[in-house]
Every structure is written in C-alpha cells, then in structure tokens.
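Residue-level listing of the chains:
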Amino acid sequence: MTRVNTGIVELDKILNGGFMRGDTAMIAGGAGTGKTTFALQYLVNGIAEFGERGLYVTFEQLPDQIYRDAESFGWDLRKMENENKLMVMCTSPDVLLEPAGKDILGRFIDQIRPSRVVMDSLSHIAMFVPERELRREAYRLLMYLKTKRVTTIATYESSQTGAMSLSATETGLSFLVDCVILLRFVEIESSLRKALVITKMRGSGHDKRLREFEITSQGIKVAEPFTQYEGILTGAPRRSMAEAFTDAFKKQRRS
Amino acid sequence: MNDARKILDRMLSSGIKADLLVLFHKNPGLVDVADGVARRIGRTADTIEADLKDLVDLGILRMEQVGKLEVFLLDHAKDREVQSVIADHIKSLSPSKGV
C-alpha cells in the first residue's frame, strides 16, 4: 500500500510514512488548535513537494478568508488555483447532503482531478442533519470520496472539555474514518501548549506517544514526544518519575 | 443608452447586488443555496432573492437545480465577457490623454 506524505516531516514519521492512499483521516480538536492549518499544509505540500493536486471544501469559512490566512504562511492559494493545481469550493452542507449534490462535488473533482481532498468540517454537517442521521450521511459523503480514489482529511471540531477523554468526537464519527489525529491544548507549568496524538490508524502501526506541536510562520512543526511529563491529558500533568529523580539528584548535589 | 451602460446600471442598481458581486468575485468557488449565500453577506434569503435572480438574468451567475435545491454559482465565462464589455465601455468614456 502506497503512502501519502503529509510533508510535515515528524508527522509522517509517526504515521509510519504518511496516510495510506485512498484513506480518510480525521483531524479533531477544539477551536484554535490548528486543524485548518494542518489541512491546508497537507494540500500545499502535496502540490509543492509531490505534484499532487488538491481540492479544499469549506462549509463555513469563505475562500477569501482562507486565501488570506494561508498567505501568512507564505502559501499563495490563488496562484495555485490559477495554475489549476488547487480548487477551493465553498458550499453549505445541505447542498452536499442532497443526493444530486454529489454531482456538484464530482464536477469539481472531475475539473481539478485531485489526489488530496480536505473537507472542513464534518462538524458543520451536524448542524444540518438530526443526530441519529449524522453518521449515515457523513458515511455516504466519505464513501463517495473513496470512490473518487482521493486521500481525504476531514476536520472535526471537538470539545476540549473532558480532558481525560481520548475520544475524537461525541457522535461516533471516528468509526467512519481510517485514521484519527487528535489535537489538544495542554497546560504545562502555567502555559498553554499544543499536543497531538494519533489515536487510530487502520491497517498500520503508528507512534502512540503524545507530541507537542507549534504553528510557526512556515506552518506546523511537530516536536519530540513529551517525555518529561506524565498525565498531560488529565489536565494535571506532573514531572515523570525519571525527571523528578534527576531534579532531586541535582538539588542534592548543589546543597 | 448602449448595452454596456444598461448592464452596468442594472448590476449596480442595489447595494445587495454590489455585495453579491463582491462575494462571488472574491470567492469564485462559491456554490450555494440562496440561504447560504445570504448568510455569507449577513442577510436573509428573502431579502436577496430578487437581486440573485437579476444577476442570473444578466448571466453573471448561474442557477442550477440540485435535487430539491436551487444553487447559485458564478458563470466564469459569461462573467469575463461582461467584465470585458464594461471595461471597454469605461475606456470609451475616459477622456483621451494628449501628449
């Protein structure tokens, strides 16, 4: 099975080389954790580094706003669109939920022939369908994309409450996707930092450690695992035993 | 009054139409129902419906039936054509510059 590199070096390493081609990955996290930046970088790297065209489907944010946000990372999406390497489609979820709405999406896909698609976000679909139908409708949409042989990232805005929980969504949508990347804010020594963890990857091994990441002027940078702390997702992290012992040893030597 | 002038007058006959033109030009990948379009300019579907239909009539926007829904999108080819007619008209209005 071939892999689709995200182009975010450390992320590709922990995904054992990237997403599996044709799979759907979900990036779930609270507001401001960086879901859209991850998704955009996946498309931009696909175009710039791997010659793979991309389609970005946005339900809420207008393309104009996305172009502007991308510019702050040096990504010129308008130029990519003019070169037929990218398309940004903006619609309401109810259009894609109509059986014939798939034809509109299909027309964009036929026009740009993307290898990578971003659906931003699945949580907006939840605003248009009753909860009991959400899973079925999301499944229909994601399966349609699979028939088009594209590798999809779907974002999902999840609640940050319930710090202990590793569940990406409250609606069972994570069962529909092949890979789940969970983004969280974590508080360490009174500062708010960002962490990610892969909680699911069908048919492949992956690194299960929690890692810090930053949003820099060039995009997302994923760092080494948090080895100095334990219980980060509990909301009350503590120094790991090894770190605590080293600190105590240093203090003992100084006294 | 020539055709270009008539088109221009009709395009700019209301503030809502101007907002719609800006919205679709800045967001050429927008494909939405009247309610979705209206939300994106902070209005309601019933207040923009007539102007949307007028832009469809002018050929700048296209309306398509998607199942039970009517969606609106920019007609890129026709839009370029209209823009070029208007640009020519504006050029013809500007006084020629002497050397």
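Everything numeric in this text was worked out from a predicted model, so none of it was measured. (Residues numbered from 1 in each chain as written. Chains lettered and ligands numbered in written order. Predicted model: local features only at pLDDT ≥ 70, side-chain atom pairs only at ≥ 80, totals over all residues.)

Engineer: Whenever I open this one, the environment of Val-180 of chain A confuses me. Can you help?
Structural biologist: Residues and elements named next belong to chain A. With respect to the secondary-structure elements, Val-180 resides in strand β8 (residues 179-188). We classify Val-180 as buried; it has 23 C-beta atoms within 10 Å. For the pair Val-180 and Thr-155, spaced 25 residues apart in the sequence, the C-alpha separation amounts to 9.8 Å. (Helix = DSSP H or I, 4+ residues; strand = E, 2+ residues; numbered from the N terminus. Buried ≥ 20, exposed ≤ 12 C-beta atoms within 10 Å, placed from the backbone.)

Engineer: Would you take a moment to explain the sheet that holds strand β3 (residues 69-74) of chain B for this structure?
Structural biologist: Strand pairing in a sheet relies on backbone hydrogen bonds. The paired strands run either parallel or antiparallel. Residue and element names in this part refer to chain B. Within the open sheet, the three strands sit side by side as β1-β3-β2. Their pairing is antiparallel. Strand pairing shows two members of the sheet lacking a second neighbour, β1 (31-33) and β2 (61-66), which therefore form its edges. Shown here is a sheet whose adjacent strand axes are inclined to one another by a mean of 35°, direction ignored. One ladder, built from six bridges, connects β2 with β3; its direction is antiparallel. Bridging across to β3, Met-63 finds its partner in Phe-72. Of the strands in this sheet, β2 and β3 touch helix α4 (residues 45-58), which is tilted by about 110° from β2. (Pairing = 2+ DSSP bridges. Axes fitted to C-alpha atoms, helices over the stretch in contact; angles between N-to-C directions. Contact = placed C-beta atoms within 7 Å.)

Engineer: What is the right way to look at unusual backbone geometry in this model?
Structural biologist: As a rule of thumb, non-glycine residues mostly have phi less than zero, and peptide bonds are mostly trans rather than cis. All names here are of chain A. In this chain, Asp-120 is followed by Ser-121 through a cis amide linkage whose omega measures 10°. Take Ser-121: it is sitting in the loop between β6 (116-120) and α7 (122-125). In this structure, Asn-16 takes a positive phi of about 60° despite not being glycine. Considering the arrangement of structural elements, one finds Asn-16 in the loop between α1 (9-14) and β2 (19-20). The class of Asn-16 is partly exposed, set by 15 C-beta atoms lying within 10 Å. Within the chain, Glu-189 stands out as a residue other than glycine whose phi angle is a positive 45°. With respect to the helices and strands, Glu-189 occurs in the loop between β8 and β9 (191-201).

Engineer: Please explain the nonpolar core as it appears in this structure.
Structural biologist: The nonpolar side chains of a soluble globular protein tend to be buried with one another. All names here are of chain A. With 85 residues, the main nonpolar core has Met-26, Ile-27, Leu-43, Val-118 and Ile-181 as its most contacted residues. Considering each element in turn, this core owes the most residues, seven residues, to helix α2 (residues 35-50). Once residues within four sequence positions are removed from consideration, Ile-27 is found in contact with Lys-35, Phe-38, Ala-39, Ile-153, Thr-155, Ile-181 and Leu-183. (Core = buried A, V, L, I, M, F, W, Y, C linked by C-beta atoms within 7 Å.)

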